[in-house]
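Observations on the three-dimensional arrangement
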Amino acid sequence: MAKPWRYFLFLLWFAYLIVASILLFTRGFLLSRVTQVVNSTCIPYITTPCSITGSSVNSHSNGPNQCSEDDQLSLMNHLHSASHICLPQKARVILIVVDALRYDFTVYDPSMQKPLSFQNKLPIINSLLKTYPDSTRLYKFIADPPTTTMQRLKALTTGSLPTFIDAGSNFATPEINEDNIIDQLVKQMHSIVFMGDDTWVSLYPNRFSRSYPFPSFNVFDLDTVDTGVTQNLYPELERKDWNLLIGHFLGVDHCGHRYGPTHPEMTRKLTEMNQAIEYITQRLDDDTILIVIGDHGMTGTGDHGGESADEVTSAMFIHSKSQLTATEDNISNTTIKQVDLVPTLATILGIPIPYSNLGSLIINSLPINNKTQTTIPHWHTVLFAIWSNVQQMTNYIKKYAVTTETFSQDRLQTLYERFALLNARVRTIGSENEFNVFVKDAKDYMIMLREMCEEVWIQFDSFSMSRGLLLIFISIFLVYMIVSGIPSSQLPQIFMSSFLPCSYIALLIATSISGICFYLGLVENLLSTIFFSTGIASVVMLAVLVVQNWDVIAIHWYDLSRNKTNMDLIFRFVFLLSWCGLLSNSYIVEEGYVSLFLLVTILLVVIYQNHKQKKITVSTTKILNLTTKLSWIKIRLLFMGALACILIRLSVNYWKCREEQQSWCAAYLSMGMKSGSRTERADYLLTLVTVAVFVTATRNWLRSCGNLVGFSPSVFLFRYAPTVMVVATGGFWVLHALPKDTKNRLMIGWQTDYLARVVYIFVISGIISIILKPLFVYIIPDKKDINVPSSKDNVIPQLFNQIKGLFNEKHNENNDPNVPIVCGLATVYSAAFVAASVYITLLLVLLLGDIIATSAVLLYFAATIILVITAICRLEKATKLVHLFDVSNSSVLAWMLLSLYFFYASGHQAAFSNIAWEAAFVGTGGTFTNNFIPASLVIINTFGSYILMGVTLPLLFIAPFTMYVMFPSLYTRKNDGQNLQKDLSRGEILLYENDAVMMNGMFAMSCKYILYHGVRVFVSMLAATIHCRHLMVWKIFAPKLIFEAIGMLVTLGSVLLGYLLVIHINFKVNCLVAELNKKNR
């Protein structure tokens, strides 16, 4: 096996260990709640047998054990089995879900002189509250995080508490098999009609008598779903064959995502909701109740997903023609939990409460059916219903505690004792006053039960978490010892030995043993067992390698310690600061600013290291007084450093603030950042001009390098595709910024996506062409036969002398005139990476939107300047060719910090409410046949800086060879480096001639880059473990861990792809040289 592939296999192995560690840890940390596959059942009250105590059997009955009329009318005889008895349906229900209906949207304040776009836009609610106070209610409807639609719908129908990890399934909405309101209605032969958000159909397929679903994920579309709901809702109101009518409006939520709550479009959408509610209330009959709810709220920027007050506080509005149950102030509460809707709906519809429900009955929302001719007091009915709720929750907790052993015995004992006291009291209640006191105690009991579940619902699997932490720590530590401890000259010998084959055989054996254990039933989870067993085998193999080379490692580290400088200490301090703050929630919130400071600091360290290596030359002459002249190379370095800092600082304008920062953070265009929103003409033109300058600069660079000569697919595409992509991107932005009416007149909605698809096609085509034809070179045809020596060492110098002669329009008389001229060979490695990076950047430009796109260009130019700075520094330090094959730790750290910082500088934050979901709709039309495409677009948008920096990491290694061949004046060692100068004049072909050293150096650099990111992931895992009971764990630490983990996965894939491209280019160059030599024989 060739050495390059052995290096790649080790990188792949290291990447696998990190991925396995992350998956092991998250399996223990992000556990899902154990679903109980038990369904509640009940029998209609009218068919219940007489209770044993206090019942009398009618001897004239037609059937056995038939109750007398008095027994049938007495609910108290059946309290012992209340949860298994269904009372008659009280009313039909119209359930209107207004997505993202924040509570303050429903509040009406007549004293406001200039209300905002979302204020006082639902006057019908205030009017009904004043006109019909006995049959109208308005509540604060508190959601449990995460505040994403799918999780909210699950809670609103099952009454359960969704776990944090469920947020990841918001792209994919699997069918709900847990006991729920919808299935209970179907079992009781009740009819359900649905219209609106198609998420319902995914959660509950084939459950509805009639359904009118509409695509829900296109946040650009404010009206399609709402119009569809309205058109189907009004006719359904006239029909009487349904028990539950569900309408889910999405316009308010989409308006928030696209424009924010203060945009005039929010006024329009809320006005439409007001009209819909008014229309429904005017057509309600006495047997129907209207319930209007919001599934979650929204932040000041229109986002949701987290647990801020604005995100969790939605509204619930109830109106009925019948009087609603009146309660005392000590029982009534205007703030309720969303799960409380489930037992309330079940009671109104006359079905059993779902088995896993943890909500409490909302007593003052129950309608009083005055048409029922019965002598049973209404408070008896309410008491029966609330005791049924208490029994259901208690039975569920008892079952869950036995099957999972989740709750502490002390807490359970306290709970059971309180239930026993309530059970004894409920049978003795004889008056309405006693009923009121009992209801208060029963609700306190149910709240205590729910809070106990909220505290310990997610039982962390400490074993899986500790395995993940241990595996990633040991893997990072051992790989660090190998890469930094074993001299680079000895690594090839190790990788060419039997070490790697034996290691992979050990992994296969560990995997086989895990499979056998799973087959025999010795382990429960196959994947976790494989990850852990292969991790143990890997650690053993790496440890053996370290032990075998311990003497070499110790001597090498001792030599390095003797040559330490103050700059090395500063580098370590900066690296320490880059990850230690992850243990603090305040640091995580402000990490954007901290990463900006660290990035600028490490740039100064890189420049200062070069200054310490070779002092600035100073010449003093007498002009007026005393003048000091700095060497041009130092001036260039300082200028480049200042320019990089300016570009980095400019990118601050494209930050997006976290919810915790809203009180002081001046987010640039906090509303206009959303893709597709209207922007000022100057901003739009600035973006297009910036992108056009970027494309022109990169094309001119490759042209000056001689890499755009010829007509190979990769060259031809790059010559024209970027320009077409810029025009298509600009056209896409213009069309999406047009008013909806204008857009509809010009074209069909989906046709506007064609331009974005043009960009996708060119990106895919360009990358494929680079893979197939990575060499941006052109052999100038020569009519004469070529006759040169076949030795690689003899051909290459003559090739480059001919190229130099071509550009200078003169030939050295020592050159062979028959040597073929190969254009672009001096930059043969870097050209492919430059072209690939341009395609990736233009894809980011499209996905980021018409304003934030500028940040992608700033990232590219900042990375370019850092490449120039590091190249100059390495050229200044090098006295031998081998010195150029070593990339300093500070340069790799700067590259890593650049990827981290531009995560924030491209408008992202480590919070789910800040995810740019709109990227999923760029060019897709909002309709998906699978989740891969939208998820990929969102990941590229979010982690674009990680992708770009990972793929182009080899440029950090190649840069000195490229810079010198294009700018020879960068090398100033005229006297002591003549041989090196002669070698450098051959450009990147030196990498081919020394490919073994090149692959070794790139391997070490790639390992360091992965290590720096890996340490951050480890510390994020450690922070999540330490703070697992912290108040901010699900708000800050868990999201940060998830973002770091996904960023690590993206980084690993990008680095591996970049390394593969280097191997591929090297192979193609070898084929090219072999072909030239073959022709010369």
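If you look the protein up in an unreviewed UniProt entry, it shows as GPI ethanolamine phosphate transferase 3, catalytic subunit from Ignelater luminosus. The record in UniProt for the protein states the following under Pathway (unreviewed entry): "Glycolipid biosynthesis; glycosylphosphatidylinositol-anchor biosynthesis." Its UniProt record gives the protein the following Subcellular location (unreviewed entry) comment, quoted word for word: "Endoplasmic reticulum membrane".

Some thoughts on the overall build of the protein
Within the protein, the regular secondary structure consists of 39 helices and 14 strands. Looking at the 1081 residues of the protein, the share that counts as buried comes to 58%. Considering only contacts in the protein between residues 6 or more positions apart, those separated by 24 or more positions represent 79%. Working note: accessible area of the protein is about 44,300 Å², and carbon and sulfur atoms make up 60% of it.

Description of the confidence of the model for the protein
Averaged over every residue, the pLDDT of the protein is 83; residues scoring 70 or more account for 83%. Least confident of the elements in the protein is strand β12 (residues 627-629), whose mean pLDDT is 39; most confident is helix α34 (residues 944-951), at 96. Low pLDDT, under 50, characterises residues 51-73; the stretch is placed with 35 contacts to residues that sit more than four places away or in other chains. Confidence drops under pLDDT 50 across residues 666-679; counting only partners more than four residues distant or on other chains, this segment forms 47 contacts.

Looking at the state of the cysteines
Summed over all chains, the structure comprises one disulfide. Covalent S-S linkage joins C42 and C86, the inter-sulfur distance amounting to 1.6 Å. Measuring handedness by torsion sign, the sulfur bridge of C42 and C86 sits at about -95° and is left-handed. In this pair, C42 sits in the loop between α1 (3-29) and β1 (43-44) while C86 sits in strand β2 (residues 85-86), placing the two residues 44 residues apart along the sequence. When sorted by exposure, C42 lands in the same class as C86, which is buried.

Structural notes on the nonpolar core
Core analysis: the biggest nonpolar cluster contains 216 residues, and F10 and F29 have the highest contact counts within it. Counting 79 residues, the second-largest nonpolar core is a separate cluster that includes Y45, I85, I176 and I362.

Points about the pattern of salt bridges
Applying the stated criterion across every chain yields a total of 22 salt bridges. Close ionic contact of R210 with E236 constitutes a salt bridge, the shortest N to O distance being 2.8 Å. One end of the pair, R210, is in strand β6 (residues 210-214); the other, E236, is in helix α8 (residues 224-237), and 26 residues separate them in sequence. Taken as a pair, R210 and E236 share a single burial class, namely buried. One salt bridge connects R986 with E993, and the closest N-O pair in it is separated by 2.3 Å. Judged by its relative accessible area of 15%, R986 falls in the buried class.

Here's the deal with the packing of helix α31 (residues 853-877) against helix α32 (residues 889-905)
Relative orientation of the contacting elements α31 and α32 amounts to 170°, with a least axis distance of 11 Å. The angle between α31 and α32 places the two elements in the roughly antiparallel class. Across the interface between the two elements, S855, L858, L859, A862, A863, I866, L867 and T870 of α31 pack against S891, W895, L898, F902 and A905 of α32. Residue classes in the contact of α31 with α32 are distributed as 10 nonpolar, three polar and no charged.

Overview of helix α13 (residues 378-404)
Compared with an ideal rise of 1.5 Å per residue, which puts 27 residues at 39 Å, α13 spans 39 Å between its outermost C-alpha atoms and is within 8% of the ideal. Remark: E405 follows α13 within two positions and exhibits a positive phi of approximately 55°.

Points about the environment of M567
Turning to its location among the elements, M567 is positioned in helix α21 (residues 566-580). Residues M567 and I602, spaced 35 residues apart in sequence, show a C-alpha to C-alpha distance of 9.8 Å.

Re the environment of N423
Within the fold, N423 resides in helix α14 (residues 409-426). The partly exposed category is assigned to N423, whose relative accessible area is 25%. Each C-alpha atom of the pair N423 and L79 lies 9.1 Å from the other, and the pair is 344 residues apart in sequence.

A few points about the packing of aromatic side chains
The tally for this structure, following the rule as stated, stands at 46 aromatic pairs. Between F194 and W200, the ring centres sit 5.8 Å apart and the planes meet at 35°, which makes this aromatic pair tilted. W200 shares its class with F194; the two are buried. Ring geometry for F943 versus F1043: centroids 6.2 Å apart, planes at 45°, classification tilted.

Cut-offs and rules
Residues numbered from 1 in each chain as written. Predicted model: local features only at pLDDT ≥ 70, side-chain atom pairs only at ≥ 80, totals over all residues. Heavy atoms only, no water. UniProt positions renumbered as here; feature names shortened; annotations may be inferred. Helix = DSSP H or I, 4+ residues; strand = E, 2+ residues; numbered from the N terminus. Buried < 20%, exposed > 50% of the residue type's maximum accessible area, 1.4 Å probe, protein only. Contact = heavy atoms within 4.5 Å. Areas by Shrake-Rupley, 256 points an atom, 1.4 Å probe, with all protein chains shown as cover. pLDDT = per-residue confidence, 0-100. Disulfide = S-S within 2.5 Å. Core = buried A, V, L, I, M, F, W, Y, C linked by side-chain atoms within 4.5 Å. Salt bridge = Lys/Arg side-chain N within 4 Å of Asp/Glu carboxyl O. Axes fitted to C-alpha atoms, helices over the stretch in contact; angles between N-to-C directions. Parallel < 35°, antiparallel > 145°, perpendicular 65-115°, else oblique. Nonpolar A, V, L, I, M, F, W, Y, C, P; charged D, E, K, R; others polar. Expected span 1.5 Å × (residues − 1). Phe/Tyr/Trp six-rings, centres within 6.5 Å; stacked < 30°, edge-to-face > 60°.

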